[in-house]
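# Fold and contact review
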Amino acid sequence: MDYVFETEHLRIRKFTIEDAPSLFRNHLEDEAKTWIPNESYSDIEEAQSAINFYVDCVNNRKLPFVLAVELKKTGELIGDTGVNEVEGNCSEVEIGYVICKKYSGKGYATELLHEMTKFVVSSFGINVLYGRVMRGNNASVRVLEKNGYVFIKEEMGAEDDSYGNGMLIYKKEC
């Protein structure tokens, strides 16, 4: 397996095509559809296509750089994480993470974001990271704040704000 890094409880690795059913299911969960509605897949074939794209980006060390998150204890795919360039500024990235509902509330997202932030800084030499959270996603806000991301502004009218409630923008400089 191509592990990129590990945390106490998680292994972060490149996706494999065998992950498609789990990726599809994880993004079908109500919480994922509520907080990241633009990141669900219509079927397993679309998830496979996304995995092929993610693997190509990881292999070529280009953004978006999206990785699978598996639980060390079971080897189960429980989420994903990634970074993408902030529009118009290649020296800054937006970081994202998803942990499926069955494993939420156990500190895995906090653990993941801590190590993913360190990985991005050391691997890409990027020192400014942003987290964008849909207003109301208090769990994700806590994860960002526990990792030293600081609220800087609210963005209204964002393309990925499906409900029109606003996006909370957090920033971390390393």
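As the structure is a prediction and not an experimental result, all values here were calculated from the model. Residue positions are counted from 1 within each chain, in the order its sequence is given. Local features are withheld for residues below a pLDDT of 70 in this predicted model, meaning they are given only at 70 or higher, and side-chain atom pairs are given and counted only at 80 or more; totals for whole chains, interfaces and linings count all residues. Side-chain calculation: all heavy atoms of the structure are included, whereas hydrogens and water are not.

## Here we look at the packing of aromatic side chains
Test applied: For this analysis, a ring pair means two rings from Phe, Tyr or Trp (six-membered ring only for Trp) whose centres lie within 6.5 Å, classed as stacked if their planes differ by under 30 degrees, edge-to-face if by over 60, and tilted for the remaining angles. Only Lys NZ and Arg CZ are tested; either one counts as a charge over a ring when it is within 6 Å of the ring centre and within 35 degrees of the ring normal.
Counting across every chain of the model gives eight aromatic pairs. For the ring pair Phe119 and Phe124, a centre distance of 6.4 Å and an interplane angle of 85 degrees mean the geometry is edge-to-face. Put simply, the rings of Phe5, Phe65, Phe119 and Phe124 touch in pairs and so form one group of aromatic residues. The cationic tip of Arg11 hangs over the ring face of Tyr3; the distance from NZ or CZ to the ring centre is 5.3 Å. Taking the ring centre of Phe124 as reference, the NZ or CZ of Arg61 above it sits at 4.8 Å.

## Let's talk about the confidence of the model for the chain
Formally: Per-residue confidence from the prediction method is given by pLDDT, with values spanning 0 to 100. Runs of H or I in DSSP of at least four residues are treated as helices and runs of E of at least two as strands, each being numbered from the N terminus.
Taken residue by residue, the chain gives an average pLDDT of 90. The fraction at 70 or more is 91%. Averaged pLDDT values for the elements of the chain fall to 57 in helix H2 (residues 30-35) and rise to 98 in strand E2 (residues 10-13).

## Description of helix H4 (residues 108-124)
Helical geometry: 3.6 residues make up each α-helical turn, so side chains three or four residues apart lie on a common side. As a reminder of what qualifies: Each residue after the first adds 1.5 Å to the expected span of a helix. For the exposure calls, accessible area comes from a 1.4 Å probe over protein chains only, and a residue counts as buried if that area is under 20% of its type's maximum, exposed if over 50%, partly exposed in between.
Look at H4: 23 Å from first C-alpha to last across 17 residues, which is about the 24 Å you get at 1.5 Å a residue. Along H4, the residues that are buried comprise Tyr108, Ala109, Thr110, Glu111, Leu112, Leu113, Glu115, Met116, Thr117, Phe119 and Val120. Positive backbone phi, approximately 65 degrees, marks Gly125, located one or two places after H4.

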